[in-house]
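Here is what each chain is made of, one letter per residue.
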Amino acid sequence: MTGERPGGGAGPDEQVVQELREAARAAMSRAYAPYSGFPVGAAARVDDGRTVTGCNVENASYGVGLCAECGLVSQLLLTGGGRLTHFTCVDGKGELCMPCGRCRQLLYEFGGPALIMETGSGLRTLAEMLPEAFGPQELP
Ligand code: THU
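The model shown is predicted, which means the values in this text are computed figures rather than measured ones. Once a new chain begins, its residue numbering starts again from 1 and follows that chain's sequence as written. Local features in this predicted model are restricted to residues of pLDDT 70 or higher, and side-chain atom pairs are both shown and tallied only at a pLDDT of 80 or more, whereas totals for entire chains, interfaces and linings draw on every residue. Note that water and hydrogens are dropped before the side-chain values are worked out from all heavy atoms of the structure.

### Observations concerning the packing of helix α2 (residues 68–78) against helix α3 (residues 101–111)
Then, number 1: Simply put, an axis is a line fit to the C-alpha atoms, just over the touching stretch for a helix, and the angle between two N-to-C directions goes from 0 to 180 degrees. Strands are runs of DSSP state E lasting at least two residues, helices are runs of H or I lasting at least four, and both sets are numbered from the N terminus onward. The contact between α2 and α3 brings their axes to 10 Å, and the two run at 15°. In this view, α2 runs roughly parallel relative to α3, as classed from their interaxial angle. Of the two elements, α2 crosses α3, and the hand of that crossing is left-handed. Facing Glu69, Cys70, Val73, Leu76 and Leu77 of α2, the residues of α3 in contact are Arg102, Cys103, Leu106 and Phe110.
Then, number 2: For this classification, the nonpolar set comprises Ala, Val, Leu, Ile, Met, Phe, Trp, Tyr, Cys and Pro, the charged set comprises Asp, Glu, Lys and Arg, and every other residue, Gly included, is treated as polar. A class-by-class count of the residues in the contact of α2 with α3 yields seven nonpolar, no polar and two charged. Any angle from 65 to 115 degrees is called roughly perpendicular, while one under 35 is roughly parallel, one over 145 is roughly antiparallel, and all others are oblique. Handedness of a crossing is defined here by the sense of rotation of the near helix relative to the far one, left-handed for an anticlockwise turn of less than a right angle and right-handed for a clockwise turn. In what follows, residue pairs with any heavy atoms lying within 4.5 Å of each other are defined as contacts.

### Let's talk about the packing of aromatic side chains
Any pair of aromatic rings gets described here by the distance separating the centres and the angle formed by the planes.
Then, number 1: Each Phe, Tyr or Trp ring (for Trp, its six-membered ring) is paired with any other whose centre lies within 6.5 Å, and the angle between the two planes then decides the class: stacked below 30 degrees, edge-to-face above 60, tilted in between. Following the criterion strictly, the structure yields one aromatic pair and no others.
Then, number 2: With 5.5 Å between their ring centres and 45° between their planes, Tyr35 and Tyr62 make a pair best called tilted. Here Tyr62 lies in the loop between β2 (51–55) and α2 and Tyr35 lies in the loop between α1 (12–28) and β1 (41–46), a separation of 27 residues in the sequence.
Then, number 3: Its relative accessible area of 64% is what places Tyr62 among the exposed residues. Burial classes follow relative accessibility: with a 1.4 Å probe on protein chains only, a residue under 20% of its type's maximum area counts as buried, one over 50% as exposed, and anything between as partly exposed.

### Details of the nonpolar core
Then, number 1: Leu72, Leu84, Phe87 and Leu126 are the most contacted members of the largest nonpolar core, which has 22 residues in total.
Then, number 2: Sorting the residues of this core by element identifies β1, α2, β3 (84–90), α3 and α4 (126–129) as the ones contributing at least two each.
Then, number 3: In terms of residue count, α2 provides more of this core than any other element does, four residues in total.
Then, number 4: The contact partners of Leu126, leaving out residues within four places of it in the chain, are Arg104, Leu107, Tyr108, Gly112, Pro113, Leu115 and Met117. Remark: nonpolar core denotes a set of buried residues (Ala, Val, Leu, Ile, Met, Phe, Trp, Tyr, Cys) joined through side-chain atoms within 4.5 Å.

This is the structure in structure tokens:
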């Protein structure tokens, strides 16, 4: 597992993800989820040290709703771009929430297979969570 240490202490990746968990909780508090009642907050570290976040934004036309990760990738580009290195996502209780399949694809575009994600089984790469992904490398 990425970041695991023989002594059991938190490695650098765990420390980053702990910070991101707090940023994701703050983002979750701004979610607009009146239809599902399921607020979500997402946070990621960028390779220049920035943190970007997003919350879900639902709509009366249910299918138009935006996942938290949509806002996150928009903020990434609006604030200067770069590559995502670490990611986490929380639900309304502030507990881990795994990104849906579509959002794993969104993350793949800007983090690639090496993106480190918090999961129910520790830190894993996006390559593990979206194996054999379709991505920019397939296109000319
Ligand atoms: N949701 C996200 O924001 N991100 C995910 O990866 C999973 C689902 C949102 C969409 C919807 O507003 C709510 O959670 C319930 O599905």
